[in-house]
Amino acid sequence: MNTRSEELAPAVRSILEAASERSGGDERVSVDARSLSEAFAAAEADGRVPVIAEVKPTSPTTDGARDDDPVALAASMVEGGAAALSVLTEPEHFDGSVENLTRVREAVDVPVLRKDFIVREDQLDAAEADLVLLIARFVGDDLADLVEAARDRGFQPLVEVHTREELAAALAAGAELIGVNNRDLGRLEVDLSTFESVAPEVPDRVTVIAESGITTPADARRMREAGADGLLIGSAIMDSEGEDASGTGGDVSANTRRFTAAESEEEV
Ligand SMILES: O=C(O)c1ccccc1NCC(=O)[C@H](O)[C@H](O)COP(=O)(O)O
């Protein structure tokens, strides 16, 4: 892990310290992964914006927490048209767990991303998933080896970047799925122009996903117009207080559909 910790928000430094101490799995996993590209294509074919909806009970930037059953949340997200799911497995700062991931993946037929802060190969063996997140900034020079190690196990590696430099490193490491995080993990500030700046540098052959800070259907349309093949959305879908135009508050299925239907109906 080659991270300039002095430039990271304290919460992120804490996340990384916890991640470096977490053990991996007892034995090497082997995954028969559900294809994200096929799930995205199926969503496009029936007019849905390809959304990866995130089961994110809490986070360093979230007020409060949702303690709903993750399987119920996941079912609601799929009912709302999500093409795929992301499940937090980071326990100390997001209330995530490997158990949540396993239960959700057994309950749905869409691809499921393991969302964690993986910094070592053995940590890949903690749980099976269809995709696994590798954050370029946190794994540094180990990225190519981790991409290969993930693929060797059957995972589809999703490499997360925030800058053009990190994108170049991800492409050099062989990434074919790129997530551009609009959240700056140094200051925990979100800026959608991040995706607009980085996405044009992604080759057409690579799937590019806009992550973080997407809170309205207009944001979703903005990211799609900037070239996003898919959107990763957590807080706005998990929001237990928000109300949409219909006055539905905290309904995860309705929250999800606000985004999956963003290109089929103008925001009210
Ligand atoms: O979400 C946070 O507060 C956070 C803090 C520190 C490191 C990572 C964090 N989030 C991880 C993510 O990237 C998001 O969960 C994901 O992209 C969804 O973002 P959002 O739709 O803004 O909840």
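See the structure printed just above.
Residues numbered from 1 in each chain as written. Predicted model: local features only at pLDDT ≥ 70, side-chain atom pairs only at ≥ 80, totals over all residues. Heavy atoms only, no water.

(A) Inspection of the site of the ligand at higher detail. Lining the immediate surroundings of the ligand are 21 residues, of which Glu54, Lys56, Thr61, Ser212 and Ser235 lie closest. Here Ser59 contributes a side-chain N or O atom positioned 2.9 Å from an oxygen atom of the ligand. In isolation the ligand has 510 Å² of accessible area, and contact with the protein removes 97% of it. Across the shell around the ligand, the residue classes tally to nine nonpolar, seven polar and five charged. (Near = heavy atom within 4 Å. Polar contact = N/O pair within 3.5 Å; in protein donor to acceptor, adjacent residues only side chain to side chain. Areas by Shrake-Rupley, 256 points an atom, 1.4 Å probe, with all protein chains shown as cover. Nonpolar A, V, L, I, M, F, W, Y, C, P; charged D, E, K, R; others polar.)

(B) Spotlight on the side chain of Glu54. Mapping Glu54 onto the fold places it in strand β1 (residues 51-55). In terms of polar contacts, Glu54 uses its side chain to reach the side chain of Lys115, at 2.9 Å. Here Glu54 is in contact with Met77, Ser86, Leu88, Lys115, Leu232, Ile233, Gly234 and Met238, once residues within four sequence places are set aside. (Helix = DSSP H or I, 4+ residues; strand = E, 2+ residues; numbered from the N terminus. Contact = heavy atoms within 4.5 Å.)

(C) Summary view of helix α12 (residues 252-260). In terms of burial, α12 is largely enclosed, as seven of its nine residues are buried. The complete set of buried residues in α12 reads Val252, Ser253, Ala254, Asn255, Thr256, Phe259 and Thr260. In this structure, the buried side of α12 is in contact with β1, α3 (70-79), α10 (217-225), β10 (230-233) and α11 (235-238). Its side-chain oxygen placed 2.9 Å from the backbone nitrogen of Ser253, Asp251 serves as the N-cap of α12. (Buried < 20%, exposed > 50% of the residue type's maximum accessible area, 1.4 Å probe, protein only.)

(D) Molecular detail of the nonpolar core. By size, the foremost hydrophobic cluster in this structure holds 59 residues, and its most contacted members are Met77, Leu85, Leu143, Val161, Ile178, Ile214 and Leu231. Element by element, the count of residues in this core is highest for helix α7 (residues 143-152), at five residues. Contacts of Ile178, omitting those with residues within four sequence positions, involve Leu158, Val159, Val161, Leu167, Ala170, Leu171, Val206, Thr207, Val208 and Ile209. Formed by 26 residues, the second largest nonpolar core is a distinct cluster that contains Phe40, Ala84, Phe138 and Ile209. (Core = buried A, V, L, I, M, F, W, Y, C linked by side-chain atoms within 4.5 Å.)

(E) Expanded view of the packing of α3 against helix α5 (residues 98-107). At a minimum axis separation of 9 Å, α3 and α5 run at an interaxial angle of 40°. Classified by the angle between their axes, α3 and α5 sit oblique to one another. In this structure, α3 crosses over α5, and the sense of that crossing is right-handed. Here Pro70, Val71 and Ala74 of α3 lie close against α5, whose contacting residues are Asn100, Arg103, Val104 and Ala107. Here the contact of α3 with α5 is composed, by residue class, of five nonpolar, one polar and one charged. (Axes fitted to C-alpha atoms, helices over the stretch in contact; angles between N-to-C directions. Parallel < 35°, antiparallel > 145°, perpendicular 65-115°, else oblique. Left-handed = near helix turned anticlockwise from the far one by under 90°.)

In short, shape yes, function no, at least from these values alone.
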